[in-house]
Amino acid sequence: NAFKNDRTSYVEQDVENGDTKFYYSKEDDKGFIDSLGFKVNNETVNISNYNNHEDIILLELNEALLPGKSVEITTPFRVVIPYTFSRLGHVGQTYQISQWYPKPAVYDRYGWHPIPYLDQGEFYSEFGNYKVRITLPSNYVVAATGDLQEESEKQFITSRILKDPFDKFGQKDTTIVIKHTKDTKIVSSDTAIISSTQLKTISFIQSNVHDFAWFANKSFQVEKTEVTLASGRKVDCYSYFKPVNAVHYKGSSKTIGQTVSYLSEHVGEYPYNHASIVDGALSAGGGMEYPNITVIGDIGSISGLQTVIIHEVGHNWFYGLLGSNERDHPWMDEGINSFYEKVIKASVEKNVKTTNIEGRVDKLNNRLNTNFLYQCSAKENTDQTIELPSAMFTSFNYGGIVYQKTPMLFAYLKSYLGEQIFDKAMKRYFNEWHFKHPYPKDFKKIMNEESGKDLSWFFDDGFTSTKKIDFKIQSVSSRENITTVKAFSRTDFTGPIPINACMGDSIIQTKWIEYPYKDAAIFTNLPSGITAFKIDALHEIPEIKISNNNYKNRALFHRIQPAIKFGTGLGLSLKNELYLLPAVGYNYYDKLMLGGIIHNLRIPNNKFQFALIPMYSLGTKEFVGSGFISYSIFPKNRLQQITFAMQGRTYHQNESHLNISNSVYLRYIKFMPSVNIEFRKSTARSPITNQLLLKYSFIARQSFNFIFNAADSLYRPSGDNYTNTQFATAIFTHKNARTFNPYSYNMNAYGNRNFMKASLEANLRIDYFKKGKAFYIRFFGGKFFDFKNGLDAFAIRDQYLNETYTARNDFMYDQVYLARNEQKGFLSHQLSIREGGFKIQTTQLSNPIGQNDNWLTALNLRTDLPIKLPVKVQLFLDAGTYANAGTLNNSGNKAVFDGGVEVHLFGDMLIVYAPLLLSKDFKDYTKSTYSKNRALNTLSFSFNMDKINWFKTQRAINLFN
């Protein structure tokens, strides 16, 4: 019943993760189970919903079930099959039937485990014996858990086996499968084939499995391989796939066989007669495993398909045969299985030339950034411990921790123990616990006993903490035939450190340094030609920094390996990289600006970041530019992150050519040190964030000085004079980024010895029951404090509160204005949605409408249109009032308003506003100011440079605002 309505645990989790496809689905696409009538030993019993879950029921026995006794539970049931939103479902007339029958919760040594269906977080089920009969149109191909019983159906399957994907059967199908995404439906090619009016009944039998799934498609073609295990048992390997994907699936059955053979040899023998994969319409990830069979979604490449096949078939061991409680301990299945996926993949592709670490070739490109997601969260200190239930991970960390960090830790452990000891321990674990539901302590006990080592670094530091790993080579010294290498941990992680003596890409010898790292790695009688000593040359350890792992012999820089590259970087790097990019800019005064970006920005972020952007102005013939440096720390308390930054920029902001042949341009220079404090969330999955930004702005700007020349009685401009001002700012921001109806507010105070502005801004999005359509509310309330008591009011007039925020109000030069001090031309119509957020400008008045030196409030409303258009179009309405509005407004009205249409271009980077509804004061202004082209002259626009801020990289803070 996960797909019954929008109040199930499945839907709640998906919405929390930002996936709304089911929430907005049509009623006809939903599905449910009903017609239940439970009887125990043929007597009716009471049932009720368990803890208000739609998909868990509590069955009350009439008598206690005592140890060693049994009861027979029966029920009819009816399933309305939903569209495929996750795993169970149909697409047209293609069916994937999983989690489709009433299934008992597991009762183990820790009691009952009633769990609702979730997308993020798989299952915990009890082992059983299945006999299943399926009746359906005779031209359907069925792939299922268990052994097919009917000879006639076996022959039918055989008739679908392809010898080559380009044979006549492969050419026959001309239907199309459209790729599935989060927001679009899959189109089934199977619907084009008419279902047979003749029915058939086929049956399957399987013992000792924890689930039963089956898949039906009229166009399936088949590939089959047979493998023989060490015991002599033979296992059939089947691939079922749509004709359009035949080329991709060629050889896929062989990959199944290779996986079954490897895991049977290194973990435990596969006990079933077949292992199969199905090319299906999966929405929950790349693949989903069931006993004997797995369904695979849309995979973009042959190599990617091979990886998914290895991974999903591998689940037959760690999820299937061991029956791990994956909901509470996902690493016991997904983590271990992902480790073996990488081992088998490397074996299949022959990336690893021997099974012994000595002499192995380091395949950097295949290993270096296999934990990219983990690196991103770990370097931002937003990672989570491995030993957590599935549902407690953020969706980002579920991939980064369970599927990336965990398998790397297992590779680390295997390298440390050696393959022989590791395999022996895994075989014992499998032999003792298959069909028995092991727990983490069972795995830990066996690993400790078989290794004879203290593995607390693995289970405690690695699994139950978020301790980061960062090893560093301290020194290398050689004397005669002995080389001594010292290394240490730059964090509180206590794992052993592998030191590899390398010749080129080949590892010649490996030594381990144990915690507390007092001893050194001693190499003796190494051959000549050793090029480097490396920590973890095979990149099997989930470190957060690796540029300090190498010591190069006979090099100018032994430890530091500088490199200059074009562009930017993704993932960790062995080198200390500096990046170059071209830069281009424009404003009314500098015209076209050309230059470059020198930076170290990459994903994942460095703690220390910088970007310098020098440019040459073709308009002023002078150098301009901007830049920043920042450093972040990650406290272990209520603070998540503290970022210290220094930003600077200088451009030209005005121009005059009065009585001169060459214009005089005015420059501004800004430096702004800042501290941004991000507070730790209450839980990792919480959408609520709190942030405090403190900054101090130093601004020097030139102003015109008009000098009288007595010879010709003309005034000529000079821009030699600089005026220096300083402003302090404090902004607290609270944001709830929940999927539906998100909101935020910020409290802002800034000023200097002359004045202070204090304000509250709040934003709320109210979602319509239509994807991508919403109603938006913004409120602003501000108070101005004049510390000069009205003296020299002209000097601070542009710093008053404003209903319409334009360039003249941007006295701290926070925003990018294309024509900052121009009064004419469309570029002068630029505004920002700050303070009052109005869209109509009255800048040609000495006292613009809506300017106030006391208090001001505003309400901004906008809404999406219910129709689909080529560009995003919204309606807006702004209303506001301020101190003494009735006196300040010529009309005597105490409020002003504007309304109209806004058009969003380039992903909200450019928004054009067309005011159509104006209060009397605004209307009178436009009539008196614009005698011609009034509608055109009232247009305005906002240019949101933060939408293309390349320097935000992974972090939420916008260092340029």
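Residues numbered from 1 in each chain as written. Predicted model: local features only at pLDDT ≥ 70, side-chain atom pairs only at ≥ 80, totals over all residues. Heavy atoms only, no water.

A. Structural detail: the overall build of the protein chain. Within the protein chain one finds 17 helices and 51 strands. Expressed as lengths along the three principal axes of its C-alpha atoms, the size of the protein chain is roughly 110 × 85 × 60 Å. Considering the protein chain as a whole, with its 961 residues, one finds that 51% of them fall into the buried category. When contacts within the protein chain are restricted to residue pairs at least 6 apart in sequence, those whose partners lie at least 24 apart make up 64%. (Helix = DSSP H or I, 4+ residues; strand = E, 2+ residues; numbered from the N terminus. Buried < 20%, exposed > 50% of the residue type's maximum accessible area, 1.4 Å probe, protein only. Contact = heavy atoms within 4.5 Å.)

B. Looking closely at the confidence of the model for the protein chain. Overall, the prediction assigns the protein chain a mean pLDDT of 91, with 93% of residues at 70 or greater. Low pLDDT, under 50, characterises residues 165-187; the predicted model gives this stretch 44 contacts beyond four residues in sequence or across chains. The model gives residues 954-961 a pLDDT under 50, and that stretch makes 37 contacts with residues more than four places away or in other chains. (pLDDT = per-residue confidence, 0-100.)

C. Summary view of the sheet that holds strand β3 (residues 43-44). A sheet is described by the order of its strands in space; here three strands give the open sequence β3-β2-β6, paired in antiparallel fashion. Two strands close off the open sheet at either side, each with one partner strand: β3 and β6 (73-74). Pairing of strand β2 (residues 39-40) with β3 involves two bridges; the strand directions are antiparallel. Directly across from Val40, in β3, lies its bridge partner Glu43. (Pairing = 2+ DSSP bridges.)

D. Inspection of the packing of helix α6 (residues 302-321) against helix α7 (residues 334-349) at higher detail. It is at 8 Å that the axes of α6 and α7 come closest, and there the two elements cross at 130°. The orientation of α6 relative to α7 falls into the category oblique. Remark: the crossing between α6 and α7 carries right-handed chirality. Note on element contacts: α7 touches α6 through Glu334, Ile336, Asn337, Ser338, Tyr340, Glu341, Ile344, Lys345, Val348 and Glu349, opposite Ser303, Gln306, Thr307, Ile310, His311, Gly314, His315 and Phe318. For the contact of α6 with α7, the residue count by class is six nonpolar, eight polar and four charged. (Axes fitted to C-alpha atoms, helices over the stretch in contact; angles between N-to-C directions. Parallel < 35°, antiparallel > 145°, perpendicular 65-115°, else oblique. Left-handed = near helix turned anticlockwise from the far one by under 90°. Nonpolar A, V, L, I, M, F, W, Y, C, P; charged D, E, K, R; others polar.)

E. Inspection of the packing of aromatic side chains at higher detail. According to the stated counting rule, one finds 74 aromatic pairs in the structure shown. With a centroid separation of 5.1 Å and 80° between ring planes, the pair formed by Trp100 and Tyr101 is classed as edge-to-face. Overall, the relative accessible area of 18% leaves Trp100 in the buried class. On the basis of relative accessible area, Tyr101 is assigned to the buried category, the value being 17%. Between Tyr270 and Tyr272, the ring centres sit 5.4 Å apart and the planes meet at 85°, which makes this aromatic pair edge-to-face. Of the two residues, Tyr270 and Tyr272, both sit in the buried class. The cationic tip of Lys103 hangs over the ring face of Phe123; the distance from NZ or CZ to the ring centre is 5.9 Å. The ring of Tyr668 carries the charged tip of Arg820 above its face, separated from the ring centre by 5.8 Å. (Phe/Tyr/Trp six-rings, centres within 6.5 Å; stacked < 30°, edge-to-face > 60°. Lys NZ or Arg CZ within 6 Å of the ring centre and 35° of its normal.)

F. Structural detail: unusual backbone geometry. Geometrically, the link from Tyr515 to Pro516 is a cis peptide bond, its omega value of 10° lying close to zero. When you line up the elements, Pro516 lands in the loop between β25 (506-513) and β26 (521-524). In this structure, the amide linkage connecting Ile603 to the following residue, Pro604, adopts the cis form with an omega of 5°. For Pro604, the location among the structural elements is in the loop between β33 (602-603) and β34 (608-617). The backbone phi angle of Lys621 is positive, close to 60°, even though this residue is not glycine. With respect to the helices and strands, the residue Lys621 is situated in the loop between β34 and β35 (623-633). Overall, the relative accessible area of 53% leaves Lys621 in the exposed class. With a phi close to 50°, Tyr813 is a non-glycine residue in the positive phi region. In this structure Tyr813 comes out as buried when scored by relative accessible area, which is 3%.

G. Region of the structure containing the sheet that holds strand β24 (residues 497-503). The four strands lie next to each other as β25-β24-β27-β28, forming an open sheet whose pairing is antiparallel. Strands at the two margins of the open sheet, each flanked by one partner only, are β25 and β28 (550-552). Between one strand and the next, the sheet's axes are offset by a mean angle of 20°, whatever the strand orientation.

H. Spotlight on the environment of Asn208. Tracing the backbone shows Asn208 in strand β15 (residues 199-209). Taking the C-alpha atoms as reference, Asn208 lies 9.4 Å from Pro271; in sequence the two are 63 residues apart. What Asn208 contacts, discounting residues up to four positions off in sequence, is Phe127, Gly128, Asn129, Tyr272 and Phe435.

I. Expanded view of a nonpolar patch on the surface. Judged by side-chain polarity, Phe608, Ile629, Tyr631, Ile633, Phe644, Met646, Phe671, Tyr696 and Phe698 come together as a nonpolar surface patch covering roughly 790 Å² of accessible area. Put simply, the parts of the chain that give the nonpolar patch at least two residues each are β35, β36 (639-656) and β38 (688-709). Element by element, the count of residues in the nonpolar patch is highest for β35, at three residues. Relative to the helices and strands, Tyr631 resides in strand β35. (Patch = residues over 30% accessible without salt bridge, like charges linked within 9 Å, V, L, I, M, F, W, Y side chains within 5 Å. Areas by Shrake-Rupley, 256 points an atom, 1.4 Å probe, with all protein chains shown as cover. Salt bridge = Lys/Arg side-chain N within 4 Å of Asp/Glu carboxyl O.)

J. Molecular detail of the side chain of His210. As for its placement among the helices and strands, His210 is situated in the loop between β15 and β16 (214-217). His210 sits in the buried class, given a relative accessible area of 2%. A distance of 3.3 Å separates a polar side-chain atom of His210 from the backbone oxygen of Tyr319. Ignoring anything within four residues of it in the chain, the contact list for His210 reads Lys103, Ser125, Glu126, Phe127, Tyr130, Pro291, Tyr319 and Gly320. (Polar contact = N/O pair within 3.5 Å; in protein donor to acceptor, adjacent residues only side chain to side chain.)

K. Representation of the packing of helix α5 (residues 252-266) against helix α11 (residues 419-433). Orientation of α5 relative to α11, taken along the N-to-C sense of each, is 90°, at an axis distance of 9 Å. Judged by the inter-axis angle, α5 sits roughly perpendicular to α11. Facing α5, whose interface residues are Tyr262, Glu265 and His266, α11 presents Glu419, Asp423, Met426 and Lys427. Broken down by class, the residue content of the contact of α5 with α11 amounts to two nonpolar, one polar and four charged.

L. The arrangement of helix α1 (residues 9-16) in detail. Burial analysis of α1 places six of its eight residues in the buried class, the great majority of the element. Among the residues of α1, those classed as buried are Ser9, Tyr10, Val11, Gln13, Asp14 and Val15.

M. Region of interest: the pattern of salt bridges. Evaluation of the coordinates by the stated rule reveals 42 salt bridges. Put simply, Lys234 and Glu226 hold a salt bridge, and the shortest N to O gap is 4.0 Å. Owing to a relative accessible area of 47%, Glu226 belongs among the partly exposed residues under this scheme. One salt bridge in this structure joins Glu449 and Arg428, with 2.6 Å as the shortest N-O distance. With Glu449 in helix α12 (residues 440-451) and Arg428 in helix α11, this residue pair connects regions lying 21 residues apart in the sequence. The class for Glu449 is partly exposed, based on a relative accessible area of 43%.

N. Up close: the environment of Asn654. Structurally, Asn654 can be placed in strand β36. A relative accessible area of 16% places Asn654 in the buried class. In sequence terms Asn654 and Tyr743 are 89 residues apart; their C-alpha atoms lie 38 Å from each other. Sequence-distant contacts of Asn654, that is, excluding residues within four places in its chain, are made with Tyr589, Val664, Tyr665, Leu666, Phe704, Asn821 and Glu822.

O. Representation of the pairing of strand β18 (residues 234-241) within the structure. Where burial is concerned, most of β18 is hidden: six out of the eight residues are buried. With eight bridges connecting them, strand β17 (residues 221-228) and β18 associate as antiparallel partners. Within β18, the position partnered with Glu223 by the bridge is Ser239. Hairpin remark: β17 followed by β18, antiparallel, with five residues in the connecting loop; positive phi at Gly232, about 100°.

P. Layout of helix α9 (residues 372-379). The buried fraction of α9 amounts to six of the eight residues, a majority that puts the element mostly inside the structure. Looking at α9, one finds that the buried residues are Tyr374, Gln375, Cys376, Ser377, Ala378 and Lys379. Those residues of α9 that are buried lie in contact with α10 (395-417) and β33. Within two residues after α9, Asn381 carries a phi angle of roughly 60°, on the positive side.

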